[in-house]
Amino acid sequence: MKMESFDDTFLARWVADELSAEELLEFKKSKYYLDYKKINEGAKALEVPSFDGEAILDGIYGSLQDKATKPKVVRMMPNWVYGAAAAVIVAFGVFLFKNNNTEYETGFGEQVMVVLPDDSKVHLNANSTLEFNKGDWESNRVLDFDGEAFFDVEKGSIFKVNSKEGIVEVLGTEFNVVSREGYMEVKCHEGKVKVSMLGGDRFSILTEGKALRLIDNKEEKWEFKEEKPSWMTGESSFRETPLSQVIRALENQYEIGFNTSKVDLNKRYTGSFIHSDLNLALRTVFGPMNISYSQEGSNTIVLK
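Residues numbered from 1 in each chain as written. Predicted model: local features only at pLDDT ≥ 70, side-chain atom pairs only at ≥ 80, totals over all residues. Heavy atoms only, no water.

> What should I look at first to understand helix H6 (residues 243-254) in this one?
Since there are 3.6 residues in each turn of an α-helix, residues three or four apart along the chain are aligned in direction. With twelve residues, H6 extends 16 Å between its outermost C-alpha atoms, agreeing within 8% with the 16 Å of an ideal straight helix rising 1.5 Å per residue. Where burial is concerned, most of H6 is hidden: nine out of the twelve residues are buried. In the stretch just after H6, Glu-255 is the one whose phi turns positive, near 50°. (Helix = DSSP H or I, 4+ residues; strand = E, 2+ residues; numbered from the N terminus. Expected span 1.5 Å × (residues − 1). Buried < 20%, exposed > 50% of the residue type's maximum accessible area, 1.4 Å probe, protein only.)

The following block contains the structure:
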């Protein structure tokens, strides 16, 4: 393995233990491996991300030299090693910084319950992400979110959910959020929530049994009666929902794709589909809408 192969990306992956077995084996065979290993060990001992790469290296290699070595014998380090020290230390610093945040992500058809530091609970639906800073959670209950989730929030300071489509703020309550590109839906199951629209000063207050939908920042409101979201028990339900969002929910649950070039994705659907039977789910959604479908390849449904 040549020196040119050790770019910042390679070093960052090595520090994060993300190299493949083949890459790691080849790296260990190189004559530079021990130098990098010592640099990395020195970097891990740092308490702050600021550094003087040359001073660190001098300390590392100075401590390794035999004190009995004659004064004229000096270990000369190639110039590239000082640059490598900076790269490794910076990579390690970024890695630590990222680890200050806690992130959860669900895959296709997967549901996960996350217990936050204040005992608030977040139930993540399929293909959703949640990220927050655990270190300052008590004073700053803010998280970033994308996908669909049901939140059961303990009382305390303001609890804020940031998404690309809007912001939801509460003190202590239960609510469901769907937030995906160009679409947001919030249902308040208990208490009161504030939904702020991005790009302006508009906001809405929802109380128990009230729902709000934002489609390209246009509001729709309605009322509902269910105590918990149906998706938590294996069934996704919709009320006058654009077909595009129903299809997205099908994709997330069943890990399939759709060819939608011949259908109107703005048509509205009211109904539900189960998460355990794809064929039944397709019939339940597209039958009432007079949309025919066929399978193309192993993982694509063509709609007509």
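> How do you make sense of empty space enclosed by the protein when you look at a structure like this?
In this approach a probe as big as a water molecule rolls over the atoms, and the regions it shows empty are the leftover space. In the structure shown here, the tally under the stated rule is one cavity of 30 Å³ or more. Considered as a void within the structure, the largest cavity measures approximately 390 Å³ in volume. Forming the boundary of the largest cavity are 27 residues, of which Glu-148, Val-178, Glu-185, Ser-237 and Phe-238 lie nearest the centre. When contributions to the lining of the largest cavity are tallied by element, the ones reaching two or more residues are strand E8 (174-180), strand E9 (183-190), strand E14 (235-242) and H6. Sort the elements by how many residues they give to the lining of the largest cavity and E14 lands first, with six residues. Residue composition of the lining of the largest cavity, by class: eight nonpolar, ten polar and nine charged. (1 Å grid on protein atoms, 1.4 Å probe; cavity = no way out; pocket = protein on both sides within 12 Å on 5 of 7 lines; lining within 4 Å. Points joined across faces, edges and corners; volume = space filled by probe spheres on them. Nonpolar A, V, L, I, M, F, W, Y, C, P; charged D, E, K, R; others polar.)

> How do you make sense of the sheet that holds strand E17 (residues 293-296) when you look at a structure like this?
Strand pairing in a sheet relies on backbone hydrogen bonds. The paired strands run either parallel or antiparallel. Strand order in the open sheet formed by three strands is E15-E18-E17, and the pairing between neighbours is mixed. The sheet is open, and its two borders are formed by strand E15 (257-259) and E17, each paired with just one other strand. Pairs of neighbouring strands in the sheet enclose a mean axial angle of 30°, with direction left out of account. Pairing of E17 with strand E18 (residues 300-303) involves four bridges; the strand directions are antiparallel. Within E18, the position partnered with Glu-296 by the bridge is Thr-300. Sheet strands in contact with helix H7 (residues 278-286) are E15, E17 and E18, and its direction is about 140° off that of E17. (Pairing = 2+ DSSP bridges. Axes fitted to C-alpha atoms, helices over the stretch in contact; angles between N-to-C directions. Contact = heavy atoms within 4.5 Å.)

> Explain the nonpolar core to me, please; I cannot follow it from the model alone.
For soluble globular proteins, the rule of thumb is that nonpolar side chains tend to be buried together. Membership of the largest hydrophobic core comes to 27 residues, with the highest contact counts inside it found for Leu-143, Phe-145, Phe-151, Phe-159, Val-168, Phe-175 and Val-193. With four residues, strand E5 (residues 141-152) is the single largest residue contributor to this core. When neighbours within four sequence positions are excluded, Phe-151 is seen to be in contact with Lys-121, Val-122, Leu-143, Phe-145, Phe-159, Val-161, Thr-173, Glu-174, Phe-175 and Val-177. Within the second largest apolar cluster, 20 residues are counted, among which are Leu-243, Ile-247, Ala-249 and Leu-303. (Core = buried A, V, L, I, M, F, W, Y, C linked by side-chain atoms within 4.5 Å.)

> I tried to follow the side chain of Glu-185 on my own but got confused; where do I start?
In this fold, Glu-185 is placed in strand E9. For Glu-185, the side chain forms a polar contact with the side chain of Tyr-183, separated by 2.6 Å. Looking at Glu-185, its side chain comes within polar contact range of the side chain of Arg-213, at 3.5 Å. Apart from residues no more than four positions distant in its own chain, Glu-185 is found in contact with Asn-176, Val-177, Val-178, Leu-212, Arg-213, Trp-222 and Thr-241. (Polar contact = N/O pair within 3.5 Å; in protein donor to acceptor, adjacent residues only side chain to side chain.)

> Is there a simple way to explain the packing of aromatic side chains in this structure?
The description of two aromatic rings rests on the distance between their centres and on the angle between their planes. Scanning the model with the defined rule gives eleven aromatic pairs in all. Both rings, one in Tyr-104 and one in Phe-132, keep their centres 6.5 Å apart while their planes meet at 15°; by these two values the pair is stacked. Taken as a pair, Tyr-104 in strand E1 (residues 101-105) and Phe-132 in strand E4 (residues 129-133) lie far apart in primary sequence, 28 residues in all. Under the relative-accessibility criterion, Phe-132 is labelled buried at 4%. Here a set of aromatic residues connected by ring pairs shows up, and it is made of Tyr-104, Phe-132, Trp-137, Phe-145, Phe-151, Phe-159 and Phe-175. The ring of Phe-224 is capped by Lys-187, whose NZ or CZ atom sits 5.3 Å from the centre of that ring. Sitting above the plane of the Phe-203 ring, Lys-194 keeps its charged end 4.6 Å from the centroid. (Phe/Tyr/Trp six-rings, centres within 6.5 Å; stacked < 30°, edge-to-face > 60°. Lys NZ or Arg CZ within 6 Å of the ring centre and 35° of its normal.)

> Before we go on, may I ask you to explain the pattern of salt bridges in this structure?
When their charged atoms lie close together, side chains carrying opposite charge are able to pair. Summed over all chains, the structure comprises nine salt bridges. Between Arg-202 and Glu-219 there is a salt bridge, with its nearest N and O atoms 3.2 Å apart. Here the residue Arg-202 occupies a position in the loop between strand E10 (192-197) and strand E11 (203-207), and Glu-219 occupies one in strand E13 (residues 218-223), the gap between them amounting to 17 residues. The exposure class of Glu-219 is partly exposed, given its relative accessible area of 34%. Across the pair Glu-219 and Lys-221 runs a salt bridge, and its minimum N-O distance is 4.0 Å. Given the relative accessible area of 53%, Lys-221 is considered exposed. Residues joined in a network through salt bridges with shared partners are Glu-185, Arg-213, Glu-220 and Arg-268. (Salt bridge = Lys/Arg side-chain N within 4 Å of Asp/Glu carboxyl O.)

> I keep staring at the side chain of Lys-187 and nothing clicks. Help me out?
Secondary-structure assignment places Lys-187 in strand E9. Within polar-contact distance, the side chain of Lys-187 engages the side chain of Glu-226 at 2.9 Å. Beyond its immediate sequence surroundings of up to four residues, Lys-187 is in contact with Glu-174, Phe-175, Asn-176, Lys-210, Ala-211, Trp-222, Phe-224 and Glu-226.

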